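# Structural overview
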Amino acid sequence: QVQLVESGGGLVQPGGSLRLSCAASGFTFKYYAIGWFRQAPGKEREGVSCISSSDGSTYYADSVKGRFTISRDNAKNTVYLQMNSLKPEDTAVYYCATAYSGSYYLLRPLLYDNWGQGTQVTVSS
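Residues numbered from 1 in each chain as written. Predicted model: local features only at pLDDT ≥ 70, side-chain atom pairs only at ≥ 80, totals over all residues. Heavy atoms only, no water.

### Remarks on the pairing of strand 7 (residues 68-73)
The side-chain alternation of strand 7 yields one buried face, formed by F68, I70 and R72, and one unburied face, formed by T69, S71 and D73. Note that strand 7 and strand 8 (residues 78-83) share six bridges and pair antiparallel. Residue pairing for strand 8: D73 is matched across the bridge by T78. Between the end of strand 7 and the start of strand 8, which pair antiparallel, lie four residues, with N77 showing a positive phi angle near 50°. (Buried < 20%, exposed > 50% of the residue type's maximum accessible area, 1.4 Å probe, protein only. Helix = DSSP H or I, 4+ residues; strand = E, 2+ residues; numbered from the N terminus. Pairing = 2+ DSSP bridges.)

Put into structure tokens, the structure is as follows:
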């Protein structure tokens, strides 16, 4: 069955960095766009970044542009999210998901179906 497992979260000071990983199994990974989302307490899930299946095109929410970088390694069935210059407002549970819609670049959760369990990122001094 389709499985996505996030890892790499933790506690980091403002200005610090983390790299999240999303390990996939149970489907032909290279054919799917993958997105990263986050959800803070009391807030709706929001799109952070996504990467295409074909040419590696990447898309970012305005709030993370210039700070976060998404990449994928199809040989390892893994997508990464490098997060630099972290801010307290980046604190959230981060999820990865597979896209089923060709409009995945809009970074709307409803355009994605299979989700991981999430990994907590806390940015605090």
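### Looking at the pattern of salt bridges
Scanning the entire structure with this criterion turns up four salt bridges. Its salt-bridge partner being D90, residue R38 comes within 2.9 Å of it at the nearest N-O pair. Residue R38 is located in strand 4 (residues 34-39), and its partner D90 is located in the loop between strand 8 and strand 9 (92-99); the two are separated by 52 residues in the primary sequence. D90 matches R38 in its accessibility class, with the two residues each being buried. The residue K65 makes a salt bridge to D62 at a minimum N-O spacing of 3.2 Å. On the basis of relative accessibility, which here comes to 51%, the residue K65 falls in the exposed class. (Salt bridge = Lys/Arg side-chain N within 4 Å of Asp/Glu carboxyl O.)

### Points about the packing of aromatic side chains
Evaluated as defined, the whole model comprises eight aromatic pairs. Seen in terms of ring centroids, F27 and F29 are 6.3 Å apart; in terms of plane orientation they differ by 50°. Their pairing is tilted. There is no split in this pair, since F27 and F29 are both buried. Pairing F27 with Y32 gives two aromatic rings, centres 5.2 Å apart and planes at 85°, and the pair type is edge-to-face. Residue Y32 is classed as partly exposed on the basis of its relative accessible area, which comes to 33%. Three or more aromatic residues link up through ring pairs in this structure, and these residues are F37, Y95, Y112 and W115. Directly above the aromatic system of Y95 lies the positively charged group of R45, at a separation of 3.9 Å from the ring centroid. (Phe/Tyr/Trp six-rings, centres within 6.5 Å; stacked < 30°, edge-to-face > 60°. Lys NZ or Arg CZ within 6 Å of the ring centre and 35° of its normal.)

### Quick look at unusual backbone geometry
With phi around 50°, S85 is a residue other than glycine that occupies positive phi space. A residue is classified by how much of its surface remains accessible, and S85, at 40% relative accessible area, is partly exposed. The backbone of L107 shows a phi angle near 60°, a positive value even though the residue is not glycine. Residue placement: L107 occurs in the loop between strand 9 and strand 10 (112-115).

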